[in-house]
Amino acid sequence: MTQSSAPNDSRPIGFFDSGLGGLTVLRRVRELHPAESWIYLGDTARLPYGTKSPDTIRRYSLANILKLQSLGVKAVVVACNSASSTLDSLHLEQLSVPVYNVIDPGAEAALVASETRRIGVLGTRATVQSKAYVRALHRRDPNVLVYQQAAPLLVPLVEEGWEEDPVTNLIIYRYVQPLLAAQIDTLIMGCTHYPALAPGIQRAVGLDIRLVDSAEAIGHQLEKDFQTLRLQRSALQSPQLRLFATDASPQMDATAQRLMKDANLPSFEGIDIELVPAQHELLKGSK
Ligand code: DGL
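Calculation rules
- Residues numbered from 1 in each chain as written.
- Predicted model: local features only at pLDDT ≥ 70, side-chain atom pairs only at ≥ 80, totals over all residues.
- Heavy atoms only, no water.
- Helix = DSSP H or I, 4+ residues; strand = E, 2+ residues; numbered from the N terminus.
- Buried < 20%, exposed > 50% of the residue type's maximum accessible area, 1.4 Å probe, protein only.
- Pairing = 2+ DSSP bridges.
- Contact = heavy atoms within 4.5 Å.
- Axes fitted to C-alpha atoms, helices over the stretch in contact; angles between N-to-C directions.
- Salt bridge = Lys/Arg side-chain N within 4 Å of Asp/Glu carboxyl O.
- Right-handed = clockwise from strand over helix to strand, strands pointing away.
- Phe/Tyr/Trp six-rings, centres within 6.5 Å; stacked < 30°, edge-to-face > 60°.

A. Highlighting unusual backbone geometry. Across the junction of Leu47 and Pro48, the peptide omega takes the value -5°, indicating a cis bond. With respect to the helices and strands, Pro48 occurs in the loop between β2 (38–42) and α2 (54–70). Phi at Lys131 takes a positive value of approximately 55°, unusual for a residue other than glycine. Turning to its location among the elements, Lys131 is positioned in the loop between α5 (125–130) and α6 (132–140). Positive phi is not limited to glycine here, since Gln183 has a value of about 60°. Accessibility expressed as a relative area gives 57% for Gln183, which makes it exposed.

B. How the structure looks around the sheet that holds strand β3 (residues 75–78). With parallel pairing, the six strands of this open sheet are ordered in space as β4-β3-β1-β2-β9-β10. Every other strand in the sheet has two partners, leaving β4 (99–101) and β10 (269–270) as the edge strands with one partner each. As defined by bridge partners, β2 adjoins strand β9 (residues 241–245) across five bridges and the pair is classed as parallel. Bridge pairing in β9 places Trp38 opposite Leu241. Where helix α1 (residues 22–32) meets the sheet, its contacts fall on β1 (13–17), β2 and β9, and the angle it forms with β2 comes to roughly 170°.

C. Structural view of the pattern of salt bridges. With the rule as written, the count across this model stands at 20 salt bridges. Put simply, Arg28 and Glu216 hold a salt bridge, and the shortest N to O gap is 2.7 Å. Separated by 188 residues along the polypeptide, Arg28 in helix α1 and Glu216 in helix α10 (residues 214–227) bring together distant segments of the chain. Since its relative accessible area comes to 23%, Arg28 is described here as partly exposed. On the basis of relative accessibility, which here comes to 28%, the residue Glu216 falls in the partly exposed class. One continuous salt-bridge network, built from bridges that share partners, spans Asp104, Glu108, Arg139, Arg140 and Lys224.

D. Representation of the pairing of strand β8 (residues 210–213). Sheet topology places strand β7 (residues 186–190) next to β8; four bridges connect them, and they run parallel. Along β8, the bridge assignment pairs Ile188 with Val212. A crossover connection joins β7 to the parallel β8 through helix α9 (residues 198–205); in handedness this β-α-β unit is right-handed.

E. Representation of the packing of aromatic side chains within the structure. Scanning the entire structure with this criterion turns up two aromatic pairs. Residues Phe15 and Trp38 carry aromatic rings whose centres are separated by 5.7 Å and whose planes lie at 75° to one another, so their mutual orientation is edge-to-face. Here Phe15, found in strand β1, pairs with Trp38, found in strand β2; they are 23 residues apart in sequence, far enough to count as distant. Per residue, the accessibility class of Phe15 equals that of Trp38, and both read buried. Look at Tyr49 and Tyr60: their rings are 5.3 Å apart centre to centre, the planes differ by 50°, and that puts the pair in the tilted class. A residue pair is termed long-range when its members are at least 10 positions apart, and Tyr49 in the loop between β2 and α2 and Tyr60 in helix α2 qualify at eleven residues. Judged by its relative accessible area of 0%, Tyr49 falls in the buried class. Accessibility expressed as a relative area gives 12% for Tyr60, which makes it buried.

Okay, structure coming up:
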């Protein structure tokens, strides 16, 4: 809700993901903040990130953040978990806009949800190997037990539109078995694509296990920052949405409509993003 006396800032909020999965995050965050304008950037030319090395992912991430900043956003949300897991190695404090990752709010939401302090994380190989969720959880509660499981087959199944396919359900079941054996009570869906699989994941783990969706968590984080005026709300009557992709393919608009559950989306616009040099000043330890 916008207070008339509060300062406002109608610049859009930038979002980026390695591809289109981040639209599941944008969908939820847009529902929570309907007056805001958004610029979504899907780095489809370089998808997937989840199988790449941390150095490569952090260079892609920095390039995307700088591109969104150059488009005039007031904040950047890194919707991609694999990208978020590399942000500790960037000098984000030197940027003129705040950058949000999905890992810290996801960890916080998991700690609120968990009673037994046994938390599972499902993510890409890059996210799991980075241990970013483990660190984020232990920073807040050193006693929490964290069990991680990489689930690399799930991203392509969602890209294929097989969210409800029996094959997908079998694969989910197989991935969550070790987490069930570890007796978790909360499961972080640590990848942009997994909210699209939430019904299947919930069926596989059972109703006693709470699923944490980082989209919900990042939406609440933005709300907190609007309230403290770290960010200012938009006062636009007709908020805008622009969708950019580094590689446009014919079915992309249909996939976006499916993931956003919105048939009135604008078409994707192409965009070029140059790779930042390995010695870029915002990459920690590059000198
Ligand atoms: N967006 C990625 C993530 O959330 C999943 C897709 C990819 O591997 O690039 O980790």
